[in-house]
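# Notes for the structure review
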Amino acid sequence: MNPVIALATARRVLDQLRHDPRTLAMALVVPTLLMVLLRFVFDEEAAFDAVAPALLGLLPFLVMFLITSVSTLRERTSGTLERLLTLPTAKLDLLLGYALAFSLVCLVQVALAVAVSLSWLGLDIAGPLWMLFLVAALDALLGTALGLLVSAFARTEFQAVQFMPAVVLPQVLLCGLFTPRDQMASFLEYLSDVLPLSYAVDAMTELTRHVGIGADLVAQVSVIGAALLLSLVLGAATLRRQTA
Amino acid sequence: MAVLVSGLVVRRGGREILHGIDCAVPEGSVTGLLGPSGCGKTTLLRSVMGLQRLTGGTVTVLGRPAGHRDLRRSIGYCPQTPSVYLDLTVLENIRYFASVIGAPPADADRVLDTLRLGAHRHQIVGSLSGGQRSRASLAVALLGEPKLLVLDEPTVGLDPVLRLELWDAFAEIAARGTALLVSSHVMDEAARCHELLLMRDGILLAQESPDSLRARTGTQDLEQAFLRVIREHEAQNPPAGHTTEQIPS
């Protein structure tokens, strides 16, 4: 591992985003706009308060999943990944570079959404604000890691984008946003127990309702962290130096 | 020898691409890999870079098995398709790869000069012409001081003047002790090489210097010489089971 290469990679990924201002603007602003939309759809603070935290956990995950799956697919098909792997680049350098760049983007994204939600939309957060950013960043990184992993199974950008409904939407349906998880049929509840997004949403909800950092929150954050590490390891395994 | 290939067999998708190649690339010289498109040149170069899983035989690069991690600081590679980021400028691409390799920042100017890309340094690679993109990709391979440079058809689509200058640059790099392995399907570039590898249908037909090839085949024209080598080979190994293309005289 070489921190110089990891930092250079993060800078390169940010440079790429900078040259694509429309993508960057959408990644940063769309989550906030969706929060605003949601608030007016409910037209009632209590109902918004019930769903908003889940969305704050979900949106960074979603956006980073999409951006990463397409950009790593490009890296795979354009030959730049292969080239990098003939150079002194460790796989971890690449992963860290991507993770660093995208978590920066995600922090700005969440900061905007949280600022608007707290100041204008009337959302209340009982827990510490820094913890909310930590959970959001972990969610974004989880999206990044899963996006990287699925990009190995896509040959075209069309296929990569299709992984959004295939991999992400089932998690959204099962994460407790529509029906509380403990009220689902038991096999669905078990299924939701092994999906990482459920914990992201639980952690966000916990944070907005309870003062301080309880044992539940710590457990949820640990599960997200473990899922993140697992997907990073699996994702790294798909970066192959050699082809048959 | 910078590269030593022995008994190299590569099978891909159930088809044998390389049927037992033996060759060597000496240090401090330019070795040209020539042959028609589809004959296995790229597969051989990828094997040298350690990117290709081998079915049989060995490839030794600078005393280590191809793809060894210690080699990653000493080998420059330019794949056939331009492998740079289309959404970055030329300079951003070169700076990124320079920091990955650990080349000094001043190196960016040197390779931009060699490839005559100075005027385009701040242009997004995706907005450049095909030839300019290949030059940007080649510039990356020239960064640092590689002991071995593997270039896959680096001069395709380039302006003839620039092509000439590039071959001068290759000779200069070789004179500093670097081994260059350059593939091409243009015979007039063969004359610029110190050593030639002639390939066809996954078989190495000959490894020798241009002079020795001319002398052996009794012609000054390397294109003709290559044709004679092919015919000689076919006379000795009549094609079994399949018809080969007719070779015009």
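Remember, it's a predicted structure, so these values are computed and weren't measured experimentally.

Residues and elements named next belong to chain B. In this structure, Ile94, Leu151, Leu180 and Leu198 are the most contacted members of the largest nonpolar core, which totals 64 residues. Residue contributions to this core peak at 8 residues, all from helix α2 (residues 90–101). Counting contributing residues per domain, this core is built from domain 1 (1–74 + 162–236) and domain 2 (80–145), each supplying no fewer than three.

It is worth spelling out the interface of chain A and chain B at this point. At the junction of the two partners, chain A supplies 28 residues and chain B supplies 30 residues. Of the roughly 2,700 Å² buried between chain A and chain B on both sides combined, carbon and sulfur atoms contribute 53%. Here chain A is connected to chain B by 3 salt bridges. Ionic pairing is found between Arg46 of chain B and Glu82 of chain A, a salt bridge with its closest N-O pair at 2.6 Å. Contributions of two or more residues to the side of chain A that touches chain B are made by α1 (3–18), α3 (45–77) and α4 (80–86) of chain A. Among the elements that line the side of chain A that touches chain B, the one with the most residues is α1 of chain A, at 8 residues.

A few words now on the UniProt feature "domain: ABC transmembrane type-2" (unreviewed entry) in chain A. As annotated in UniProt, the feature "domain: ABC transmembrane type-2" (unreviewed entry) corresponds to residues 14–242 of chain A in the numbering used here. A helix fraction of 80% and a strand fraction of 0% characterise residues 14–242 of chain A, whose end C-alpha atoms lie 28 Å from each other.

Residue and element names in this part refer to chain A. The contact between helix α2 (residues 21–42) and helix α5 (residues 91–119) brings their axes to 9 Å, and the two run at 25 degrees. Our classification of the angle between α2 and α5 gives roughly parallel. In this structure, α2 crosses over α5, and the sense of that crossing is right-handed. On α5, the residues touching Leu24, Ala27, Leu28, Pro31, Thr32, Met35 and Val36 of α2 are Val105, Val108, Gln109, Leu112, Ala113, Val116 and Ser117. Taken together, the residues of the contact of α2 with α5 sort by class into 11 nonpolar, 3 polar and no charged.

Bringing the sheet that holds strand β8 (residues 179–184) of chain B into the picture now. All names here are of chain B. With mixed pairing, 6 strands are arranged side by side in an open sheet as β6-β7-β8-β3-β9-β10. Of all the strands in the sheet, just β6 (75–78) and β10 (203–208) have a single pairing partner and so form its edges. Ignoring strand direction, the axes of neighbouring strands in this sheet form an average angle of 15 degrees. Alignment of strand β3 (residues 30–34) against β8, held across 5 bridges, turns out to be parallel. When the bridges of β8 are listed, Leu34 appears paired with Ser184. Contacts from helix α6 (residues 210–217) reach β9 (195–200) and β10 within the one sheet, and its direction differs from that of β10 by about 105 degrees.

A separate point is the pairing of β3 of chain B. Residue and element names in this part refer to chain B. Counting buried residues along β3, 5 of its 5 residues qualify, which places the element largely inside the surrounding structure. Of the two faces of β3, the one lined by Val30, Gly32 and Leu34 and the one lined by Thr31 and Leu33 are each fully buried. Where β3 meets β9, 4 bridges bridge the pair, whose relative direction is parallel. Along β9, the bridge assignment pairs Leu34 with Leu198.

Here we take up the side chain of Arg46 of chain B. The topology assignment puts Arg46 of chain B in helix α1 (residues 41–49). Polar contacts involving the side chain of Arg46 of chain B include one to the side chain of Thr243 of chain A, which spans 2.7 Å. Beyond its immediate stretch of four places on either side in the chain, Arg46 of chain B contacts Glu82 and Thr243 of chain A together with Leu51, Gln52 and Tyr77 of chain B.

Residue and element names in this part refer to chain A. At a minimum axis separation of 9 Å, helix α9 (residues 196–209) and helix α10 (residues 215–237) run at an interaxial angle of 150 degrees. Taken together, α9 and α10 sit at an angle that is classed as roughly antiparallel. α10 is crossed by α9, and the crossing has left-handed handedness. Contacts between α9 and α10 involve Pro196, Tyr199, Ala200, Asp202, Ala203, Glu206 and Leu207 from the first element and Asp216, Leu217, Gln220, Val223, Ile224 and Ala227 from the second. Considered class by class, the residues forming the contact of α9 with α10 number 9 nonpolar, 1 polar and 3 charged.

All chains considered together, the criterion is met by 7 aromatic pairs over all chains. Counting every residue linked through ring pairs, the aromatic cluster contains Tyr85, Tyr96 and Phe97 of chain B. Here the basic side chain of Arg83 of chain A rests over the ring of Phe97 of chain B, its NZ or CZ set 5.7 Å away from the ring centre.

Attention now moves to helix α7 (residues 157–174) of chain A. Residues three or four positions apart in an α-helix share a direction because the helix packs 3.6 residues into each turn. All names here are of chain A. With 18 residues, α7 should cover 26 Å at 1.5 Å per step; its first-to-last C-alpha distance of 26 Å lies within 8% of that length. Along its length, α7 reaches its greatest deviation from straightness, about 35 degrees, at Val168, and the proline Pro170 lies no more than four positions downstream. Among the residues of α7, those classed as buried are Ala160, Met164, Val168, Gln171, Val172 and Leu174. Buried residues belonging to α7 abut α3, α6 (129–151), α8 (186–194) and α9. Looking one or two residues beyond α7, the residue adopting positive phi is Gly176, at roughly 105 degrees.

Turning to the sheet that holds strand β4 (residues 56–61) of chain B, a few remarks are in order. Residues and elements named next belong to chain B. Ordered in space as β2-β1-β4-β5, the 4 strands form an open sheet in which the pairing is antiparallel. Each having just a single partner strand, β2 (15–25) and β5 (64–65) make up the two edges of the open sheet. Sheet topology note: the strand β1 (residues 3–12)/β4 ladder contains 5 bridges and is antiparallel. If you follow Leu4 over to β4, its bridge partner there is Thr60. Sitting on the sheet, α1 is in contact with β1, β2 and β4, with an inclination near 120 degrees to β1.

Parameters at a glance
Along each chain, residue indices are assigned from 1 in the same order as the chain's sequence is written. Think of it this way: whatever chain is written first is A, whatever ligand is written first is 1, and the rest follow in order. In keeping with the model being predicted, local features are shown solely for residues with a pLDDT of at least 70 and side-chain atom pairs are shown and tallied solely at 80 or more, while totals for entire chains, interfaces and linings include all residues. As a rule here, side-chain values come from all non-hydrogen atoms in the structure, and water together with hydrogens is ignored. For our purposes a nonpolar core is just a set of buried Ala, Val, Leu, Ile, Met, Phe, Trp, Tyr and Cys residues, chained together by side-chain atoms within 4.5 Å. Each residue gets one of three labels from its accessible area relative to the maximum for its type: buried under 20%, exposed over 50%, partly exposed in between, using a 1.4 Å probe on protein chains only. Each helix corresponds to a stretch of at least 4 residues labelled H or I by DSSP, and each strand to a stretch of at least 2 residues labelled E; elements are numbered beginning at the N terminus. Note that the domain bounds reflect an automated or database-derived domain assignment. Contacts are residue-level and defined by heavy atoms, with any inter-residue pair within 4.5 Å sufficient. Simply put, the buried area is the total loss of 1.4 Å probe accessible area from both parts when two parts are fitted together. Here, a salt bridge means any side-chain nitrogen of Lys or Arg that lies within 4 Å of a carboxyl oxygen of Asp or Glu. UniProt positions are given in the numbering used here, feature names are shortened, and annotations may be inferred rather than shown by experiment. To get an axis, a line is fitted to the C-alpha atoms, and for a helix only the part in contact is used. The angle between two axes follows their N-to-C directions and goes from 0 to 180 degrees. We call two directions roughly parallel when the angle between them is under 35 degrees, roughly antiparallel when it is over 145, roughly perpendicular when it lies between 65 and 115, and oblique otherwise. By the definition used in this description, the sense in which the near helix is turned from the far one sets the handedness, with an anticlockwise turn below a right angle giving left-handed and a clockwise turn giving right-handed. Three classes are used, and their members are as follows: Ala, Val, Leu, Ile, Met, Phe, Trp, Tyr, Cys and Pro are nonpolar, Asp, Glu, Lys and Arg are charged, and the others, Gly among them, are polar. Between any two strands, at least two bridges found by DSSP are needed for them to pair. Identification of polar contacts relies on pairs of N or O atoms within 3.5 Å, with a donor-acceptor requirement for protein atoms, meaning one able to donate a hydrogen and the other able to accept it, and with residues adjacent in sequence counted only if both atoms are side-chain atoms. Ring pairs shown here join Phe, Tyr and Trp side chains whose ring centres sit within 6.5 Å, with only the six-membered ring taken for Trp; geometry is labelled stacked below 30 degrees between planes, edge-to-face above 60, and tilted in between. Whether a charge sits over a ring comes down to the Lys NZ or Arg CZ being within 6 Å of the ring centre and within 35 degrees of the ring normal. To estimate how far a helix should reach, multiply one less than its number of residues by 1.5 Å. To get the bend at a given residue, fit one axis to the seven residues ending there, fit another to the seven starting there, and take the angle between those axes.

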